[in-house]
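Here is how the chains run, residue by residue.
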Amino acid sequence: MAPVIPYTYIQCPCSDISAVELTTSTDSLETAENEERTFNPRAPRSNYSFYPLEHLLYCEDCQQIRCPRCVNEEIVTYYCPHCLFEVPSSNVRSEGNRCTRSCFQCPICIAPLQSVSLGPTQDASHLTAEGTLNHTYSLFCPYCNWNSTNVGIEFDRPSGIYSQLAKIKNGGERKLTTKELKERRKENPDEPPIPDDQLDADLQFSSLKSFYQTQLANTNASFSSMPFDNVGFSSPAALSRIMSLYTGHGHAGRKRQGPSDVMREALTTEEGLKVADLDESTSVKQLQQTSWDEVTSTQQNMEQADPVRFQDQLRPIPYLLRTKRSKRCSVCRHIISKPENKVQSTRFKIRLVAKSYIPNITIRPVNPTALPVPTTSRPQIQEEALLEPHKTYHYILTFKNPLFDNIKVSLATPYTTPGRFSSKVTVLCPQFEVDANTDMWDDALKDDERDRRRKGEDGSNQLEAGKIWERGRNWVSIILEVVPSSLRIGDLAPDQEDRSPLKEDEDILEIPMFVRMEWEADAQQDVGSALGKDKEGKEKRELAYWCVLGVGRIRKD
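Let us look at the structure shown here. (Residues numbered from 1 in each chain as written. Predicted model: local features only at pLDDT ≥ 70, side-chain atom pairs only at ≥ 80, totals over all residues. Heavy atoms only, no water.)

Take the state of the cysteines next. Scanning the entire structure with this criterion turns up 0 disulfides. No disulfide involves Cys106; its sulfur sits 3.5 Å from that of Cys144, the nearest cysteine. (Disulfide = S-S within 2.5 Å.)

Here it is in structure tokens:
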């Protein structure tokens, strides 16, 4: 998707060459070139380092910007997004990361399902102790009118639907459990194995788990004399032990006594073996009689425990659990974002966003050509007209200070933008100072002598070098002069090797800008005194980063 122009993106320093690589470099000249190298926003690697200011965090200990790639996330709590019930972390693995409190989604449109009554049942097995008929219930989608009765699933009561659904197959037939299968085998040992169509995913998993537990118990006796007998099979140290179960060989140089113990695979249906059914003639015949819209999509099949082919076989989907996560700095391991544990709360205990520490940069033309957007049509954004090549344009660059201290800003841009089509860029006032973000009412009660002095020094809306365009309580606007280049392939420099046609979004004029800010903040309460601190408990701080300004699109000749 094309970005909305004009825009401002910040580059996270985690994509730069690390300081360790720079210090270990043997060639000092190469190191100096890397440090002074101009940032190229069109490089393929730069696509993964640009973020809007709202998406960035800030680490106060490292005094650096942090992006989603250079933070470590930790799960605070699990919860259901439908009923907002907090799920203990110990139950997440056993419950399959799904909500078990009768919260289901429609398998067709993923809308939340409702439990509705179908009226009294006529089955005599549903009679109560008083002789009255019980009501049956189903899951109904109010959006697409899907009903669980379409697949033959009905429930005896409106609560505990998750446990009831786990015992019912499509069509209303009860599922065969592992306990029932063992009891049936005890009563009739000569009964043939169950067919493969009765072996669903839950029964197959239970059978395989029981089978391999028996295999592990049998092999533990033969390995009881080994020195790592107390190490579990999930430990990396037991890799050779696990491999020896399949190969029948122990450690090199150790003679085995008795027959070789080899772990075998499942051979019958009761052990968990399910042979794939390669006969798809029934599915092909049904596909010929129905339309393509009744075939399940890949996303719908991913939500099902057993893969199906048609939508009339889809089952209700339990809600997938969500998480609240805290974020730590990957360098100093300090928490920079931590939400409250309560699921219903949207507040944060700790939230160090970058827009509270670095200035917000906005850009707009001095003479806009786009008409203002009516209030009834918002939030539509009118883009400016295309830029004419070799014509001078002026833009207002505004820096808004979020800190409670004055900051000194120094800007640096290359004379020509990097890339095949080099446009000329000039910052008329590369160094200036922005006042602190004080209370607007306190600032209004102060003497306005400072404002009169600024108006006399800075001038009022003058396009002069070294002059500030406009100044406010905690913001400063300067002028940026741009001369777009031509997009003709024939006008490229002779040493330019790439003469391919114009690429996607290559007509956007992007300006890399290096921003360096200095300010004096309250000194941290550390033991002893540190350098750079004055008598009033102030310490000098600085922050430098690259940003890219999307000015506009250049007209194609």
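Back to the text.
Considering the arrangement of structural elements, one finds Arg541 in strand E22 (residues 538-553). There is a polar contact of 2.9 Å between the side chain of Arg541 and the side chain of Glu539. (Helix = DSSP H or I, 4+ residues; strand = E, 2+ residues; numbered from the N terminus. Polar contact = N/O pair within 3.5 Å; in protein donor to acceptor, adjacent residues only side chain to side chain.)

Turning our attention to the packing of aromatic side chains. Within this structure, the stated rule accounts for 8 aromatic pairs. Residues Phe399 and Phe432 carry aromatic rings whose centres are separated by 5.3 Å and whose planes lie at 55° to one another, so their mutual orientation is tilted. Of this pair, Phe399 sits in strand E15 (residues 393-400) while Phe432 sits in strand E18 (residues 431-434), placing them 33 residues apart in sequence. Judged by relative accessible area, which is 7%, Phe432 ranks as buried. Among the aromatic residues, those joined into a cluster by ring pairs are Phe39, Phe50, Phe514 and Trp546. Residue placement shows Arg101 over the ring face of Phe85; its charged tip is 4.3 Å from the ring centre. A cation sits over an aromatic face here: Arg351 above Phe348, 4.6 Å from the ring centre. (Phe/Tyr/Trp six-rings, centres within 6.5 Å; stacked < 30°, edge-to-face > 60°. Buried < 20%, exposed > 50% of the residue type's maximum accessible area, 1.4 Å probe, protein only. Lys NZ or Arg CZ within 6 Å of the ring centre and 35° of its normal.)

Bringing the sheet that holds strand E6 (residues 86-87) into the picture now. A sheet is described by the order of its strands in space; here 5 strands give the open sequence E6-E5-E11-E12-E13, paired in antiparallel fashion. Because the sheet does not close on itself, it has two edges, and the strands there are E6 and strand E13 (348-351). Sheet topology places strand E5 (residues 71-79) next to E6; 2 bridges connect them, and they run antiparallel. Bridging across to E6, Tyr78 finds its partner in Val87. (Pairing = 2+ DSSP bridges.)

This brings us to the nonpolar core. Residues Leu397, Phe399, Leu411, Phe432, Ile478, Leu480 and Met513 are the most contacted members of the largest nonpolar core, which totals 56 residues. Among the elements that line this core, the one with the most residues is strand E21 (residues 508-522), at 7 residues. Beyond its immediate stretch of four places on either side in the chain, Leu411 contacts Leu397, Phe399, Val427, Pro430, Phe432, Ile478, Met513, Phe514 and Val515. (Core = buried A, V, L, I, M, F, W, Y, C linked by side-chain atoms within 4.5 Å. Contact = heavy atoms within 4.5 Å.)

To continue, consider the layout of surface pockets. By volume, the largest pocket is sized at about 1900 Å³. Around the largest pocket sit 46 residues that line it, and Asp200, Ala305, Asp306, Pro307 and Val308 are the ones nearest its centre. Counting only elements with at least two residues in the lining of the largest pocket, the list comes to helix H4 (161-165), helix H6 (201-222), helix H8 (281-289) and strand E10 (317-318). With 5 residues, the top contributor of residues to the lining of the largest pocket is H6. (1 Å grid on protein atoms, 1.4 Å probe; cavity = no way out; pocket = protein on both sides within 12 Å on 5 of 7 lines; lining within 4 Å. Points joined across faces, edges and corners; volume = space filled by probe spheres on them.)

Even without a glycine there, the phi angle at Gln63 is positive, about 55°. You can see Gln63 is positioned in the loop between strand E3 (57-59) and strand E4 (64-66).

Moving on, we get to empty space enclosed by the protein. With the rule as written, the count across this model stands at 1 cavity of 30 Å³ or more. A volume near 100 Å³ is recorded for the largest cavity.

Right, let's talk about the pairing of strand E16 (residues 407-412) for a bit. Consecutive side chains of a regular strand alternate in pointing toward one face of the sheet and then the other. Burial of the side chains of E16 is restricted to one face: Ile407, Val409 and Leu411 are buried, whereas none of Lys408, Ser410 and Ala412 on the reverse face is. Across 4 bridges, E16 lies against E18 in antiparallel orientation. Across the sheet, Ser410 pairs through a bridge with Gln431, a residue of E18. As defined by bridge partners, E16 adjoins E21 across 6 bridges and the pair is classed as antiparallel. Each bridged residue has a counterpart across the sheet, and for Ala412 the counterpart in E21 is Phe514.

It is worth spelling out the environment of Thr369 at this point. Turning to its location among the elements, Thr369 is positioned in the loop between strand E14 (360-365) and E15. Residue Thr369 is classed as exposed on the basis of its relative accessible area of 53%. The spatial distance from the C-alpha of Thr369 to the C-alpha of Glu384 is 6.0 Å, given a sequence separation of 15 residues. If near-sequence neighbours (up to four positions away) are discounted, Thr369 is found in contact with Glu384 and Ala385. Polar side-chain contacts of Thr369 include one of 2.7 Å to the side chain of Glu384. Of note is the side chain of Thr369, whose polar atom sits 3.3 Å from the backbone nitrogen of Ala385.

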